[in-house]
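Chain by chain, the residues:
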Amino acid sequence: MKLNAYLNFGGNCRQAFEYYEQHLGAKIVMSMTFNQSPDQSNVPPGAGDQILYANLSIADTQIMGSDTPNYEPIRSSYLTLSVPEAEVFDKSWKALADGGEILMPRTETFFAYEFGILRDKFNVLWMLIREKPMQ
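Structural notes, computed from the coordinates. As the structure is a computational prediction, the values presented were derived from the model and not from experiment.

### Quick notes on the side chain of Asp-67
- Structurally, Asp-67 can be placed in strand E4 (residues 61-67).
- As a buried residue without a salt bridge, Asp-67 has its nearest oppositely charged side chain in Arg-14, at a separation of 6.6 Å.
- A polar contact of 3.0 Å, which involves the side chain of Asp-67, links it to the backbone nitrogen of Cys-13.
- A distance of 2.8 Å separates a polar side-chain atom of Asp-67 from the backbone nitrogen of Ile-51.
- Those residues in contact with Asp-67 that lie beyond four places of it in its chain are Phe-9, Gly-10, Gly-11, Asn-12, Cys-13, Phe-34, Gln-50 and Ile-51.

### Section: the sheet that holds strand E1 (residues 5-9)
- Here 4 strands make up an open sheet; going across it, the order is E1-E4-E3-E2 and the pairing mixed. Here the strands that pair on one side only, and so sit at the sheet edges, are E1 and strand E2 (27-33). For this sheet the average axis-to-axis angle between neighbouring strands, irrespective of direction, equals 15°.
- Sheet analysis places strand E3 (residues 51-58) next to E4, joined by 5 bridges and oriented antiparallel. Bridge pairing in E4 places Asn-55 opposite Met-64.
- Packing of helix H1 (residues 13-24) onto the sheet brings it into contact with E1, E2, E3 and E4, and relative to E3 it is tilted by some 15°.

### A closer look at the sheet that holds strand E6 (residues 101-107)
- If you walk across this open sheet you meet the 4 strands as E5-E8-E7-E6, and the pairing is mixed. At either end of the open sheet lies a strand with only one pairing partner, and these are strand E5 (79-82) and E6. For this sheet, the mean angle separating the axes of adjacent strands, direction not counted, is 10°.
- Inspection of the sheet shows E5 paired to strand E8 (residues 125-131) by 4 bridges, in the parallel sense. The partner of Leu-79 across the bridge, within E8, is Trp-126.

### Examining H1
- A rise of 1.5 Å per residue sets the reference length of H1, with its 12 residues, at 16 Å; its end C-alpha atoms lie 16 Å apart and thus fit the reference within 8%.
- Every buried residue of H1 is accounted for by Cys-13, Ala-16, Phe-17, Tyr-19, Tyr-20 and Leu-24. Seen from one end, H1 has its buried residues packed into an arc of 155°, which puts them on one side.
- Residues of H1 that are buried sit in contact with E1, E2, E3, E4, helix H2 (86-97) and E8.
- Positive phi appears at Gly-25, one or two residues downstream of H1, with a value of about 75°.

### Details of the packing of aromatic side chains
- This model, assessed by the stated rule, comprises 8 aromatic pairs.
- Here the aromatic rings of Tyr-20 and Trp-126 are separated by 5.5 Å at their centres, their planes lie at 75°, and the arrangement is edge-to-face. Separated by 106 residues along the polypeptide, Tyr-20 in helix H1 and Trp-126 in strand E8 bring together distant segments of the chain. There is no split in this pair, since Tyr-20 and Trp-126 are both buried.
- In this structure an aromatic cluster arises from ring pairing among Phe-9, Phe-17, Tyr-19, Tyr-20, Phe-122 and Trp-126.

### Some details on the side chain of Arg-119
- Position of Arg-119 relative to the elements: it lies in strand E7 (residues 112-119).
- Glu-101 is the oppositely charged side chain nearest to the buried, salt-bridge-free Arg-119, at an N-O distance of 4.2 Å.
- At 3.0 Å, the side chain of Arg-119 and the backbone oxygen of Ile-74 are in polar contact.
- Among residues more than four places away in sequence, those in contact with Arg-119 are Pro-73, Ile-74, Leu-96, Gly-100, Glu-101, Leu-103, Val-124 and Leu-125.

Parameters at a glance
Residues numbered from 1 in each chain as written. Predicted model: local features only at pLDDT ≥ 70, side-chain atom pairs only at ≥ 80, totals over all residues. Heavy atoms only, no water. Helix = DSSP H or I, 4+ residues; strand = E, 2+ residues; numbered from the N terminus. Buried < 20%, exposed > 50% of the residue type's maximum accessible area, 1.4 Å probe, protein only. Lys, Arg positive; Asp, Glu negative; His and termini not counted. Salt bridge = Lys/Arg side-chain N within 4 Å of Asp/Glu carboxyl O. Polar contact = N/O pair within 3.5 Å; in protein donor to acceptor, adjacent residues only side chain to side chain. Contact = heavy atoms within 4.5 Å. Pairing = 2+ DSSP bridges. Axes fitted to C-alpha atoms, helices over the stretch in contact; angles between N-to-C directions. Expected span 1.5 Å × (residues − 1). Arc of directions from axis to C-beta. Phe/Tyr/Trp six-rings, centres within 6.5 Å; stacked < 30°, edge-to-face > 60°.

As structure tokens, this is what we get:
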């Protein structure tokens, strides 16, 4: 069994996945636009160059995504990125915070050397954590 995440975007799925690939060490495994779909009967007007389906490999998991009509930003679910190295945490935090909104500044907690919550410039909610060993 395997659990993956599927994200909807409002027309910027390609930009988001390319950004994650560039700044988080992710890899775009597959990407298809509406224009590339074998069934053109269900393509929304004006959506031709938008993403019908994409798959991103990051941190031993897959994130799938697409551009969706009637898109609404995520409100109460987070992608949680566990980063063991301080330098990688710092780089990832800065990349995701760039143009985004910090909801909880990164700080030390009883369970993490560093933990913070933000919404990136693509309206995706993230928790970043550099965990402490638990007793």
